[in-house]
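Letter by letter, the chains look like this.
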Amino acid sequence: MNLDDYRRAARAWLRDNAPAGETPPEDAIPHAKHFMARLYDAGYSGITWPARWGGQGLTQAEERAFAAEARHFSLPTYVFSIGLGMTGPTLVDRGSDEQRERFVRPLLRGEEIWCQLFSEPGAGSDVAALQTRAVRDGDRWIVNGQKVWTSVAQHADWGLLLTRTNPEAPKHRGLTMFVVGMRDPGVTVRPLKDMTGRAHFNEVFFDEVAVPDAHRVGEVDDGWSVAVTTLLHERLSISAGVGMGRAKDDPTSLEALRRTADTSDPLVRDDLVELHIRTRALALFNQRLAQEAEAGLFPGARGSAAKLLLAELTLFEADLATRLAGPSAVVGTRDGAGAGPLAHAISLAPAMSLGGGTNEIMRNIIGERVLGLPPGPRVDKTVPFKDLKVGTQG
Amino acid sequence: MNLDDYRRAARAWLRDNAPAGETPPEDAIPHAKHFMARLYDAGYSGITWPARWGGQGLTQAEERAFAAEARHFSLPTYVFSIGLGMTGPTLVDRGSDEQRERFVRPLLRGEEIWCQLFSEPGAGSDVAALQTRAVRDGDRWIVNGQKVWTSVAQHADWGLLLTRTNPEAPKHRGLTMFVVGMRDPGVTVRPLKDMTGRAHFNEVFFDEVAVPDAHRVGEVDDGWSVAVTTLLHERLSISAGVGMGRAKDDPTSLEALRRTADTSDPLVRDDLVELHIRTRALALFNQRLAQEAEAGLFPGARGSAAKLLLAELTLFEADLATRLAGPSAVVGTRDGAGAGPLAHAISLAPAMSLGGGTNEIMRNIIGERVLGLPPGPRVDKTVPFKDLKVGTQG
Amino acid sequence: MRLVLTPEQRELREAVRSFLAAAAPPAKARDGYDPAVHARLNGELGLSGLIVPEEYGGAGAGMAELAVALEETGAALLPGPFLATAFAALALTRAPDKELLTGVAEGRLTATLALPVVPDGLTARAEGGGVTLRGTLPQVLSGAEADVLLAALPGAPAADGSGAPGESSAGGSGAPGESAADGPVLVAVDLGGPGVTRVPLETLDLTRGQTRVELDGAPARVLGRLGAEGAAAVADLVAVALAAEQLGVLRASLDAIVAYAKIRVTFGRFIGSYQGVKHKLADMHCKLEQAESVVRHAAWTADEDPAELPHAAALAQAYVGRACFEVARDHLLLHGGVGFTWEHDAHLFYKRAKADEVLLGPPRVHRARLAALMEAGEPASTEAAGEPAPREA
Amino acid sequence: MRLVLTPEQRELREAVRSFLAAAAPPAKARDGYDPAVHARLNGELGLSGLIVPEEYGGAGAGMAELAVALEETGAALLPGPFLATAFAALALTRAPDKELLTGVAEGRLTATLALPVVPDGLTARAEGGGVTLRGTLPQVLSGAEADVLLAALPGAPAADGSGAPGESSAGGSGAPGESAADGPVLVAVDLGGPGVTRVPLETLDLTRGQTRVELDGAPARVLGRLGAEGAAAVADLVAVALAAEQLGVLRASLDAIVAYAKIRVTFGRFIGSYQGVKHKLADMHCKLEQAESVVRHAAWTADEDPAELPHAAALAQAYVGRACFEVARDHLLLHGGVGFTWEHDAHLFYKRAKADEVLLGPPRVHRARLAALMEAGEPASTEAAGEPAPREA
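As the structure is a prediction and not an experimental result, all values here were calculated from the model. (Residues numbered from 1 in each chain as written. Chains lettered and ligands numbered in written order. Predicted model: local features only at pLDDT ≥ 70, side-chain atom pairs only at ≥ 80, totals over all residues. Heavy atoms only, no water.)

1. Some details on the overall build of chain A
- Check the secondary structure of chain A and you find twelve helices and eight strands.
- Oriented by its inertia axes, the alpha-carbon framework of chain A measures out at about 75 × 60 × 50 Å.
- Sorting the 394 residues of chain A into buried and exposed places 56% on the buried side.
- Put simply, of all contacts in chain A between residues at least 6 apart along the chain, 70% involve residues at least 24 apart.
- For chain A, the exposed area adds up to about 16,200 Å²; of that, 51% sits on carbon and sulfur atoms.
- Put simply, chain A has 45 plus and 50 minus side-chain charges, and the middle of one group is 2 Å from the middle of the other. (Helix = DSSP H or I, 4+ residues; strand = E, 2+ residues; numbered from the N terminus. Buried < 20%, exposed > 50% of the residue type's maximum accessible area, 1.4 Å probe, protein only. Contact = heavy atoms within 4.5 Å. Areas by Shrake-Rupley, 256 points an atom, 1.4 Å probe, with all protein chains shown as cover. Lys, Arg positive; Asp, Glu negative; His and termini not counted. Charge placed at Lys NZ, Arg CZ, Asp CG, Glu CD.)

Structure (structure tokens):
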């Protein structure tokens, strides 16, 4: 089948099978699993993944063709995004054959949901500074510790878990990766309420959790190289635009502000011009990156520039929207409906600057990987982990 | 004499003796020397300096009283400012008695002009990375090297010269300070043309210049501690407001822009409001620092915040002025008069961000000395200088 | 002009600061208004009576002292009607009323002030021996906790006993009565009284509420005539008082992130040792220095140079309101992920800073005011910003 | 919409880049216009004829190709009338003239264009078989080097032979003749001819001159009618061409400071390893990425989507003009003291960036244009900026 035929078939399938109307709420898990199974059975899940493990064994060309068609629909695939974008590709790349056999197909078919357990409270941007311990006990490992910022943990069957197995080694050299059952005894998932008052993420606690050695991914103490694979896939899936789009009813968008703001005031008009300039400049940059990707040029670390700009734009537009609105921006318009859409927007705005790497981390990446600037001196690469300062030091 | 009497007497003396009208051009050296001699003979030069070396031996109170009165006049003391603000106090603090006897009184009386020779092309912000060598030769030292950014060098009789005497020692520990005669054989002063097309500074070249050991200030290889004294006095004299005031005919000032800009345009008016806000906020901060100083609170490193803000404001206002003016900002209005006042202003604007410590250095000082943040890791404090990377590495 | 604190003002600051550190630290702010703390604040420190003239039982202090107190309550994110009561007391300095002033001075009475000072949409009618009000005030600061609401009407309701009942329409399209020519009058409404409905609003700022107040024939008492100039002065004083609170929020935000930068480690180093953090904190410190200078100056003009007050008040809101939000925002961001959590206090400062920034209207109104004042005439003091200037050696 | 270069455009870029690297590096820019380089640029590369239609001996390329060339000449700070000639050629695409177009295409002729395209203060009179011009153009780009000046008059001078001599006053208060209703006409003046006085001006930008041109009965040739739409289109094309040059200045500035940050040492480390420098360079890179996207898009609309051109051209000047100056400024500052010296090239970029930023008027005119276009209607493409969005794990 040539690419045009492939694309036409995908379009037809989506038209017939994509859910109409509203995207169902995130917790409509059965609905999502049902859709995912049909997607898989139609051959549209894991398009580029090896056929041996349940994928379609096709090329990036088919993947992009399907993605281009899918952009016109709202597919209920959110709860599978970690598995499809990060943990699944990691298992394909670095798992044992037994692990690939066991985990990949159910993941692609949406039968099992995955989360990723790297971040810890004491190790924000510095992922490798994590402290969750795994101690060997015969043919199994005993895990104790805490993870944070874990999306979809409350729905997950499995998690990809990075632990410290050798505190005597330097930071990056004493880590080991596991697959952990999220329903196993000793695993506790607790919603993490954020500054918007909602819980977009979770904390996950491990209390004497037993993990079979067969669920170890990669060699003992070589977990960092596995994690790098995962993080590479994360970055790939971000720059491929897998993430959430902009909400259509965003009250801080230019379109919304043009309706609500007093455009008879020249200063307000100029504020909207500024927002327009920034929005268009970034939109065109994203489109150029996409065109380069279609032409086979991998954007690499340049995607970090787009992420940084989006983080800054998100703060700017929420801030601007509240300044234009004045006093009413910070109160609800009716009882029980919360403090109002602008108040929610200004509360949510920092998220983009913090999740997926802070603005400072993005600037480091751009500086070092795009511009080729020398790294700063590192004191943490050779010291045994147990002697290293980490986390918050009273 | 009580302070009020002192102040009244100073006022009367200034009224009778300060030059009326225009400040004479910088090179009117005889005129400046003549005034300085009268100032000294009247007891107003070196007010707080020890009487033993030619000062008046009075207190900061008298010094401030005189400075407050002098603010209403334009005194032709520019060419003496390095001697009075930096090199003289250094000699008083760290010179031998012979040096104090020989140099201080002629300096205070304006008979001899001083410059300061620390900066080098390869060692901008990092003064201690300098490479000018002094090698012992019996009871004298032979100096070879180059200095840069030297104010008033073309008029100077003496210079305070920092040299490297031990390249085997770490950067800060192999430096020695000397007094060098600026008319001595082998000393060449060359005006340094800057981006405005004018020469506000000089380069000074040393070619086999012999300096007697009697002109050494402080111990051999202990020159950095002497230099720190000088730099402390530099900072003190900056925050005491010894420097140049704003030119009254500054074409980028708010007052000038209110006359020249199209204030019927609301956006132009708002630009002027922004300039006004920044100007007033900084002016009030400077006034608060001055009031604190009068109350005996030494501003210390907080003066770096005022310097940083002034540097940014200077860039902002020149940039704004040219944007408001449009095309005419970048051409001269008549033949032979240069590219016009706004073109000169935009050319000069970066000076404030570069001289006396770059904006980055100011932010380090504020961060570390005002906010008490930890320093970054230093690799240059222990390595022998000859093994250290310095300057520009091809 | 005085921009540094007097020894007495420093003592006041220490007293308020140590009281709040013990009784109302920011971590407690999310629990909301604690009347017991409010009572102690007025009982032990007499803070509500600070600017009430001595003849009414207050301390008779000036805006400079009130600013010192508000900077501390701001830094602590003190919940409750303290700021609102200060706004009301500032209005009462222009139309003194013994009952209310003594009540505030003694800490018996909490109050609030309609914003803007002369609100739109209020209708007053002279009836019997008094006046009744109709209309809705969509957002009243601390309206749920305050006992009394003050508001200015464009003009006095016509005297009782005339043929038709006098009517004064605030901001409406009705032709103003002749009394309106003499300018706004200040009235007081008992918020617990008849004809008053209070609807609490959900607010971004979790530490201080706002309330919709619906008046339907609510009895009001005319306290006195403000006049156009008096109403404008009250608005200016409110702007300065708010800027003082904002200065406190700014300072506390900066203090919090500076402290965190000294203990939080990433990649083996304290985050404050990275220039990416250090330089941003330095810029935030520059904003603090300027904000403090602007607030001290504005408070000084309120006490000593009323001709300069309008300009200084507009500058205070234009500069400090923005600086406060920017610093609170950056302090949150530099905390990293933990700053985004509900449990951490960073968002409380961020939200207060935003709520304060828009409390007196879209921020552009302060800039527009500055533009108008610049057109009208040069500010008295136009010292250049240019000292000190640096030199090269 | 096409935002990436075609293989042919990449080849063109390489050709221009390597030619300029050898023949006209930035360090040579301070020596001013070198006619020999200009001749080779047109001879070897045929650059002036790039956008001249093939029927007039040009390459018949589009704005996308011209933008590629201008980005390189901008990066090299190429002195002389290349940009001015490109402006004139863009005007001639709307009112083609064989003599001029072939002259430009063959590299025989340099030209410039009055800015604004329809300048104030020109008076035209139909005399004998032609037209003569009076008035002063205060700033003509490369006016000293150009052979021919193009300008648009608000309307055609009345035909010869009428009772009173026809007169067309550009921007004056006189009532426009009926011909003005049909909109501007393009005229050409021989700058070396009679009635023309050229007064070179001192300029901030040391690498490219401006000239005051005084016309006192200078003979002019009417090339054709632009119409209001055509004149506006020419202004838009000029804006896009300038933005392409600015993109080159921006990119070269960033390249220069990035290179320096890798070799300059302070306190024992390369300055590029300090976050204080690194993070600023990262922000400058973000501006470059957006500026390039905006320029590619504007050039594409010029060639393929004229309805979008006015909007894209205004955006290009509003975004790229500012970004270019900011990057050139920061590149100079980050060089430290050496960047302030006359000998270093940094100030050449800084000054070109400022001169370019104001070349087409105070920058607010582009923002005002955007505001007006936004009022008039949504731009065709309003894709959100929001992809890609990051996720947490």
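So, next bit.
2. Comments concerning the domain arrangement of chain A
- When the domains of chain A are assigned, the result is domain 1 (3-108), domain 2 (114-227) and domain 3 (250-357).
- Of note, the centres of domain 1 of chain A and domain 3 of chain A, computed from C-alpha atoms alone, are 30 Å apart. (Domains from an automatic or database assignment.)

3. Comments concerning the interface of chain D and chain A
- Tallying the contact residues gives 49 residues for chain D and 68 residues for chain A.
- Summing both sides of the interface, chain D and chain A together bury roughly 5,400 Å²; the carbon and sulfur share of this comes to 61%.
- For the pair chain D and chain A, the interface holds seven salt bridges.
- Between D:Glu292 and A:Arg288 there is a salt bridge, with its nearest N and O atoms 3.4 Å apart.
- Counting across the chain D and chain A interface gives 17 residue pairs in polar contact (both at pLDDT 80 or more).
- Secondary-structure elements contributing two or more residues to the side of chain D that touches chain A are helix 7 (227-261), strand 10 (269-270), helix 8 (275-304), helix 9 (309-334) and helix 11 (364-376) of chain D.
- If you tally residues by element for the side of chain D that touches chain A, the top one is helix 8 of chain D, at 14 residues.
- Within the side of chain D that touches chain A, the residues separate by chemical class into 23 nonpolar, twelve polar and 14 charged. (Buried area = accessible area lost by both parts, 1.4 Å probe. Salt bridge = Lys/Arg side-chain N within 4 Å of Asp/Glu carboxyl O. Polar contact = N/O pair within 3.5 Å; in protein donor to acceptor, adjacent residues only side chain to side chain. Nonpolar A, V, L, I, M, F, W, Y, C, P; charged D, E, K, R; others polar.)

4. Considerations on the relation of the copies chain B and chain A
- Of the two same-sequence chains, chain B is brought onto chain A (RMSD 0.1 Å, axial shift 0.0 Å) by a rotation of 180 degrees. The superposition operator between the copies reduces to a two-fold rotation axis.
- The residues that chain B uses at the interface reappear at the interface of chain A in 100% of cases, marking a shared surface. (Least-squares fit on C-alpha atoms with pLDDT ≥ 70 in both.)

5. Points about the interface of chain B and chain A
- In this assembly, four residues from chain B lie in contact with four residues from chain A.
- Carbon and sulfur atoms make up 88% of the area that chain B and chain A hide from each other, which totals about 390 Å².
- Connecting chain B to chain A are zero salt bridges.
- Run the count over chain B and chain A and you get zero residue pairs in polar contact (both at pLDDT 80 or more).
- Counted by class, the side of chain B that touches chain A contains three nonpolar, no polar and one charged residues.

6. Side note on the packing of aromatic side chains
All names here are of chain A.
- Evaluation of the coordinates by the stated rule reveals 20 aromatic pairs over all chains.
- Measuring from ring centre to ring centre gives 6.1 Å for Tyr-6 and Tyr-44, while their planes differ by 80 degrees; the resulting arrangement is edge-to-face. Here Tyr-44 lies in the loop between helix 2 (29-41) and helix 3 (60-70) and Tyr-6 lies in helix 1 (residues 3-17), a separation of 38 residues in the sequence. The pair formed by Tyr-6 and Tyr-44 is uniform in burial state, with each residue classed as buried.
- Taken together, the ring pairs connect Tyr-6, Trp-13, Phe-35, Tyr-44 and Phe-66 into an aromatic cluster.
- Over the ring of Phe-316 we find Arg-278, and its NZ or CZ is 3.8 Å from the ring centre. (Phe/Tyr/Trp six-rings, centres within 6.5 Å; stacked < 30°, edge-to-face > 60°. Lys NZ or Arg CZ within 6 Å of the ring centre and 35° of its normal.)

7. Some remarks on the UniProt feature "domain: Acyl-CoA dehydrogenase/oxidase C-terminal" (unreviewed entry) in chain C
- According to UniProt, the feature "domain: Acyl-CoA dehydrogenase/oxidase C-terminal" (unreviewed entry) maps to residues 240-372 of chain C in the numbering used here.
- With 74% helix and 3% strand, residues 240-372 of chain C has its two end C-alpha atoms placed 18 Å apart. (UniProt positions renumbered as here; feature names shortened; annotations may be inferred.)

8. Things to note about the UniProt feature "domain: Acyl-CoA dehydrogenase/oxidase N-terminal" (unreviewed entry) in chain C
- In the numbering used here, UniProt assigns the feature "domain: Acyl-CoA dehydrogenase/oxidase N-terminal" (unreviewed entry) to residues 6-79 of chain C.
- Between the end C-alpha atoms of residues 6-79 of chain C the distance is 28 Å, and the span holds 59% helix and 0% strand.

9. Examining the confidence of the model for chain A
Residues and elements named next belong to chain A.
- In this model, chain A carries a mean pLDDT of 89, and residues with pLDDT of at least 70 account for 93%.
- Within chain A, strand 8 (residues 216-217) carries the highest mean pLDDT (98), whereas helix 6 (residues 223-239) carries the lowest (81).
- Within the model, the stretch residues 241-247 combines pLDDT values under 50 with 14 contacts to residues more than four positions away or in other chains. (pLDDT = per-residue confidence, 0-100.)

10. Quick word on helix 11 of chain D
- Between its terminal C-alpha atoms helix 11 of chain D stretches 18 Å, which fits the 18 Å expected from 13 residues at 1.5 Å a residue.
- Those residues of helix 11 of chain D hidden inside the fold are in contact with helix 7 (254-260) and helix 8 (266-294) of chain A, helix 8 (266-294) and helix 9 (302-325) of chain B together with helix 9 of chain D. (Expected span 1.5 Å × (residues − 1).)

11. Some thoughts on the confidence of the model for chain C
Residues and elements named next belong to chain C.
- Looking at chain C as a whole, its pLDDT mean stands at 90, while 90% of the residues score no less than 70.
- With pLDDT under 50 throughout, residues 160-166 is counted as low confidence; its partners more than four residues away or in other chains account for ten contacts.
- Long-range and interchain partners of residues 170-179, a stretch whose pLDDT sits below 50, account for ten contacts in this model, where long-range means more than four residues apart.
- As scored by the predictor, the complex reaches a pTM of 0.91 and an ipTM of 0.91.

12. A short note on helix 6 (residues 98-105) of chain C
Residue and element names in this part refer to chain C.
- Judged by how many residues are buried, helix 6 sits mostly within the fold: six of eight residues are covered.
- Buried residues of helix 6: Leu-100, Leu-101, Thr-102, Gly-103, Val-104 and Ala-105, and no others.
- As for helix 6, its buried residues are in contact with helix 5 (82-92), strand 4 (148-153), strand 6 (185-190) and strand 8 (210-225).
- Count one or two residues on from helix 6 and you reach Gly-107, which has phi positive near 75 degrees.

13. Some thoughts on unusual backbone geometry
- The omega torsion of the bond from C:Leu115 to C:Pro116 falls at -5 degrees, within 30 degrees of zero and hence cis.
- Examined against the element boundaries, C:Pro116 turns out to sit in the loop between strand 1 (111-113) and strand 2 (123-127).
- In this structure, D:Ser142 takes a positive phi of about 55 degrees despite not being glycine.
- Locating D:Ser142 in the fold gives a position in the loop between strand 3 (130-141) and strand 4 (148-153).
- Even without glycine at this site, D:Phe267 takes up a positive phi of about 50 degrees.
- The residue D:Phe267 is located in the loop between strand 9 (265-266) and strand 10 in this model.

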